[in-house]
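# Structural features, examined
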Amino acid sequence: MATMLYKLGRLAFRRRHFVALIWVALLTLAGVGAASAPAAGNSSFSIPGTEAQKAFDLLEQRFPGMSADGATARVVFKAPGGEKMTDADNKATVKKTVKELQSGSEVVSVADPYTGHAVSKDGTIAYASVKYKVSGMELEDSSRDALKEAAQDARDAGLTVEVGGDALQATPETGSSEVIGLAVAAVVLVITFGSLLAAGFPLLTAIIGVGIGVSTITALASALDLGTTTSTLASMIGLAVGIDYALFIVSRYRSELAEGREREEAAGRAVGTAGSAVVFAGLTVVIALVGLSVVNIPMLTKMGVAAAGTVAIAVLIALTLIPALLGYAGRRIKPAGEKSKLLGGGRAKSAHKQGRPNMGTRWASFVVRRPVAVLLLGVIGLGAAAVPAASLELGLPDDGSQPVSTTQRRAYDLLSEGFGPGFNGPLMVVVDAKDSDNPKAAFTKVGDEIKGLKDVVTVTPAVPNKAGDTATITVVPDSKPSSVTTEDLVHAIRDKGTDITSATDAEVLVTGSTAVNIDVSQKLNDALLPYLALVVGLAFLLLIVVFRSILVPLKAALGFLLSVMAALGAVVAVFQWGWLSGLMNVEQTGPVMSMMPIFMVGVVFGLAMDYEVFLVTRMREAYVHGEKPTQAVVTGFKYGARVVTAAAIIMTAVFSGFMGSSEAMVKMIGFGLAIAVFFDAFIVRMAIVPAVLALLGKKAWWLPKWLDRALPNVDVEGEGLRTAEERKDADPDGERELVVV
């Protein structure tokens, strides 16, 4: 592989005009496609194989005009102090608002508060329920605008009016922190390279890659039902890996220049060596992201595949556009160790600094001298950070998790005040009595059984369809939707349903947003271990090929588990327990999002393997070229630690930038990925990895001879690129011990 990529790097360097033209054309094509594509909102949401989805599908068949999964809105009214909603003026305002809401083309029905018993006992709060033909993901902007205007008209009349439900979704905002993340990345790159031009290349190519990826997602969003979260995730990951991959190749190019090679040769060798590591690091990220499809939640699958596509683009850009840009830069890119004149280049170094090893060398030398102490300290520290993960509670965000500044959150609080916390998450019980001898008796029995359960406030009478073989029953819990008590109630109703089916031949299904959240959480929990086995297993095999070792990939996987558990512990501490919540701008604590563990496993594993591949391939390269195991560890850090440190800081900064988002999911993902990268890069890869390799010695690179013969030789370390003279210089007496790896 190194030889093939070496040729590609030299070709891109020579044919830089052609390469640059191709990428500019692709960016233009993607941009035009995005600009001309129809606008798409958030993607539709379905959870195949769950009871909640089965109930929705049944309602579509038996209640064809009901739009069971259609968007809903609750327009909540509160009377001014000292007044009631039943006062004549207030009542007239509400009636006018209801009439205004009914005029929408996508509206199925609007329930009048005064005829639907939707006024609180104290008479101060009332609400009107609006039902739409299509889901909240598919709702036209004109319908949302009409909803906002109706609410504003009622406010102008003197009432407090807020709108909840999925019809009026908050538009996620990332704020300025994303820009700050990019600014931090730029500063780190300048410090790392000592050159503004060299620092600009990774940023430029990453932005081009993300531009192509996100524009393509936008162009296909309507056709493939991709949502705004999909493009946000793709940009988050694409930006981070795009900068990192370019950083590694530019850094290796400058190292090759420092060894006296011509620029075209240096570009070829940089792509042949660092580029090989980029390919395999990118493959691990792609495997982890595409592997999300095993969960069988279409939205998650689309997010993973779209982000994987952006990572693939980042790899291709690093292998082709970076050497092309290096060709354009010419002598303005300085060899490693030299700075541009603008940043102090050309000044003579002091004698003390000239003979002093760099920070990476000093740190690695310290670790290999005290490997046991460093290993214990790292493992204990990550173990302590992982402790809160034992209290992990999973759920999906509802309006109660929105910032208090949003109308959805204020509507949620008003409904809780007037009707109780459970009113925000009613359960819909669907009774399929098609096979029952007495459907009416079955409907009555279901209602009576549910009334006898704990945590039930209200059970509405059964509403049958025209055929009389299916009915819906609304159940209002006593607890808020995201509580464990409400989850227990859903399971209790389902358990009762099993007994009812045996007695009446009527099937009982529980659905609604609360039940959907519970089913999604369960589905994700069930998929976590199979997903972990699949992703780690495939990446383990891939790393065996890269490192030609059994213990190094095993150590990489175990180190990842440590870092991801510690990161989950940090997420629980901040978003569930509320530690440092003010600093992180977390307004509402509660259960961690159901998809967070499996998502972190996928993304963090891929990113963790980036640092493993980049750092350890340098060690293996030194070992294969004749150095002793401990010295190879120090050499790997000498050349790789500075760049890996810079890459980790950049990735942490980029992910942290997304914590400024107003969308709870994006905020939590940004924090989780940032802290996971920090733990993995600076504790696992920088401390635990060299300590373990120092303790293992030659055993770290052991591989059974039969397996060595069976594996393809991908030559990540670039042995095939060395000339006969270079090999002789590395082993002048021909006495180097044959390394079987």
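Here the structure is a predicted model, which is why all the values come from computation and not from measurement.

### Describing the overall build of the chain
Helix and strand counts for the chain come out as 23 helices and 11 strands. Within the span of the chain, comprising 741 residues, buried residues form 55% of the whole. For the chain, contacts bridging at least 24 residues in sequence account for 80% of all contacts bridging at least 6. Total accessible area on the chain stands at roughly 31400 Å², and carbon and sulfur atoms take up 59% of it.

### Side note on the packing of helix H19 (residues 596-624) against helix H21 (residues 664-696)
The interhelical angle for the contact between H19 and H21, taken along N-to-C directions, is 35°, at an axis separation of 9 Å. Remark: the crossing between H19 and H21 carries right-handed chirality. In the contact of H19 with H21, the residues fall into 20 nonpolar, 1 polar and 3 charged.

### Quick look at the packing of aromatic side chains
Counting across every chain of the model gives 9 aromatic pairs. When the centroid spacing of 5.3 Å and the interplanar angle of 90° are considered together, the rings of Tyr127 and Phe419 count as edge-to-face. Linking Tyr127 in strand E3 (residues 125-132) with Phe419 in helix H14 (residues 407-419), this pair joins segments that are 292 residues apart in sequence. A network of ring pairs unites the aromatic residues Tyr127, Phe419 and Phe423 as a single cluster. Lying over the aromatic face of Tyr127, Arg74 brings its terminal NZ or CZ to 5.4 Å of the ring centre.

### Section: helix H5 (residues 141-156)
Given a rise of 1.5 Å per residue, 16 residues ought to cover 22 Å, and the 22 Å separating the end C-alpha atoms of H5 matches this to within 8%. Of all the positions in H5, only Ser143, Arg144, Leu147, Ala150, Ala151 and Ala154 are classed as buried. Down the axis of H5, the buried set is contained in an arc of 125°. They therefore lie on one face. Exposed side chains of H5 directed beyond 90 degrees from the buried face belong to Asp141, Ser142, Glu149 and Asp156. Count one or two residues on from H5 and you reach Gly158, which has phi positive near 110°.

### Let's talk about the sheet that holds E3
Paired through backbone hydrogen bonds, the strands of a sheet run either parallel or antiparallel to each other. Taken in spatial order, the 4 strands line up as E2-E3-E1-E4 in an open sheet, and their pairing is antiparallel. In this open sheet, the two edge strands, each paired with only one partner strand, are strand E2 (107-111) and strand E4 (160-164). Each strand of the sheet is rotated relative to its neighbour by a mean of 15°, with strand direction disregarded. Each of strand E1 (72-78), E3 and E4 touches H5; the most contacted strand, E4, lies at about 160° to it.

### A closer look at the environment of Ala267
Along the chain, the position of Ala267 falls in helix H9 (residues 263-290). We classify Ala267 as buried; its relative accessible area is 1%. With 13 residues separating them along the chain, Ala267 and Arg254 place their C-alpha atoms 8.9 Å apart. Discounting chain neighbours no more than four positions away, the residues touching Ala267 are Gly9, Phe13, Tyr253 and Pro323.

### Some details on a nonpolar patch on the surface
Taken together, the side chains of Val294, Leu534, Leu538 and Leu541 define a hydrophobic patch exposed on the protein surface, amounting to about 320 Å² of accessible area. Along the chain, Val294 turns up in the loop between H9 and helix H10 (298-329).

### Section: the pairing of E4
Side-chain direction in a regular strand flips from residue to residue, so the side chains alternate between the two faces of the sheet. Of all 5 residues in E4, 4 are buried, a share of seventy percent or more. Two elements, E1 and E4, share 5 bridges in a ladder whose sense is antiparallel. In the strand pairing of E4, Val76 is matched with Glu162.

### Observations regarding a negative patch on the surface
Together, Asp145, Glu149, Asp153 and Asp156 line one region of the surface with negative charge. Here Asp153 shows up in helix H5.

### Structural notes on the confidence of the model for the chain
Mean pLDDT for the chain: 83, with 89% of residues reaching 70 or above. Per-residue pLDDT, averaged within each element of the chain, yields its smallest value for helix H11 (residues 351-354) (46) and its largest for helix H13 (residues 371-386) (94). This stretch, residues 346-353, has a pLDDT under 50; its non-local contacts, to residues over four places away or in other chains, come to 3 contacts. Note on residues 730-741: pLDDT is under 50 here. Beyond four places in sequence and across chains, it has 17 contacts.

### Describing the pattern of salt bridges
A complete count under the given rule lists 22 salt bridges for this structure. Of the charged contacts, one joins Arg252 and Glu256 as a salt bridge, the two residues approaching to 3.1 Å between their closest N and O atoms. Taken together, the residues span about one helical turn, with Arg252 and Glu256 both in helix H8 (residues 228-258) at a distance of 4 residues. The two residues Arg252 and Glu256 agree in class, both being buried.

### Details of the side chain of Ser479
Positionally, Ser479 belongs in the loop between strand E9 (470-477) and helix H16 (484-504). Side chain to side chain, Ser479 and Asp455 meet in a polar contact 3.0 Å long. What Ser479 contacts, discounting residues up to four positions off in sequence, is Pro421, Gly422, Asp455, Thr485 and Thr486.

### A closer look at the environment of Ser521
Relative to the helices and strands, Ser521 is located in helix H17 (residues 513-547). The class of Ser521 is buried, set by a relative accessible area of 8%. Put simply, Ser521 and Ser594 are 73 residues apart on the chain and 4.9 Å apart in space, counted from C-alpha to C-alpha. Excluding its chain neighbours within four sequence positions, the residues that come into contact with Ser521 are Leu394, Gly395 and Ser594.

### Thoughts on H13
An α-helix turns once per 3.6 residues; consequently, residues spaced three or four apart project the same way. An ideal rise of 1.5 Å per residue puts 22 Å on 16 residues; H13 measures up with 22 Å between its terminal C-alpha atoms. Every buried residue belonging to H13 is among Pro371, Val374, Gly378, Leu382 and Ala386, and all of these are buried. Along the axis of H13, the buried residues cluster in a sector spanning 100°; they form a single face. Facing away from the buried side of H13 by over 90 degrees, the exposed positions are Leu377 and Ile380. Against helix H12 (359-369), helix H18 (551-576) and H21 lie the buried residues of H13.

### Examining the pairing of strand E6 (residues 427-432)
Of all 6 residues that make up E6, 5 are buried, and the element is covered over most of its length. Here E6 runs beside E9; their pairing, made up of 6 bridges, is antiparallel. Opposite Met428, over in E9, you have Thr474 as the bridge partner.

### Topic: the packing of H9 against H19
When two helices pack together, their arrangement is given by the angle between the helix axes and the distance between those axes. Direction vectors running N to C along H9 and H19 enclose 165°, while the axes themselves pass 8 Å from each other. As summarised for this structure, H9 and H19 are arranged roughly antiparallel, according to the angle between their axes. Like other packed secondary-structure pairs, H9 and H19 cross with a definite hand, here right-handed. Counting all contacts with H9, which are made through Ala274, Ala277, Val278, Ala281, Gly282, Thr284, Val285, Ala288 and Leu289, the residues of H19 involved are Gly602, Val603, Gly606, Leu607, Met609, Asp610, Val613, Phe614 and Thr617. Residues of the contact of H9 with H19, tallied by class, amount to 12 nonpolar, 5 polar and 1 charged.

What counts and what doesn't
- Residues numbered from 1 in each chain as written.
- Predicted model: local features only at pLDDT ≥ 70, side-chain atom pairs only at ≥ 80, totals over all residues.
- Heavy atoms only, no water.
- Helix = DSSP H or I, 4+ residues; strand = E, 2+ residues; numbered from the N terminus.
- Buried < 20%, exposed > 50% of the residue type's maximum accessible area, 1.4 Å probe, protein only.
- Contact = heavy atoms within 4.5 Å.
- Areas by Shrake-Rupley, 256 points an atom, 1.4 Å probe, with all protein chains shown as cover.
- Axes fitted to C-alpha atoms, helices over the stretch in contact; angles between N-to-C directions.
- Left-handed = near helix turned anticlockwise from the far one by under 90°.
- Nonpolar A, V, L, I, M, F, W, Y, C, P; charged D, E, K, R; others polar.
- Phe/Tyr/Trp six-rings, centres within 6.5 Å; stacked < 30°, edge-to-face > 60°.
- Lys NZ or Arg CZ within 6 Å of the ring centre and 35° of its normal.
- Expected span 1.5 Å × (residues − 1).
- Arc of directions from axis to C-beta.
- Pairing = 2+ DSSP bridges.
- Patch = residues over 30% accessible without salt bridge, like charges linked within 9 Å, V, L, I, M, F, W, Y side chains within 5 Å.
- Salt bridge = Lys/Arg side-chain N within 4 Å of Asp/Glu carboxyl O.
- Lys, Arg positive; Asp, Glu negative; His and termini not counted.
- Charge placed at Lys NZ, Arg CZ, Asp CG, Glu CD.
- pLDDT = per-residue confidence, 0-100.
- Polar contact = N/O pair within 3.5 Å; in protein donor to acceptor, adjacent residues only side chain to side chain.
- Parallel < 35°, antiparallel > 145°, perpendicular 65-115°, else oblique.

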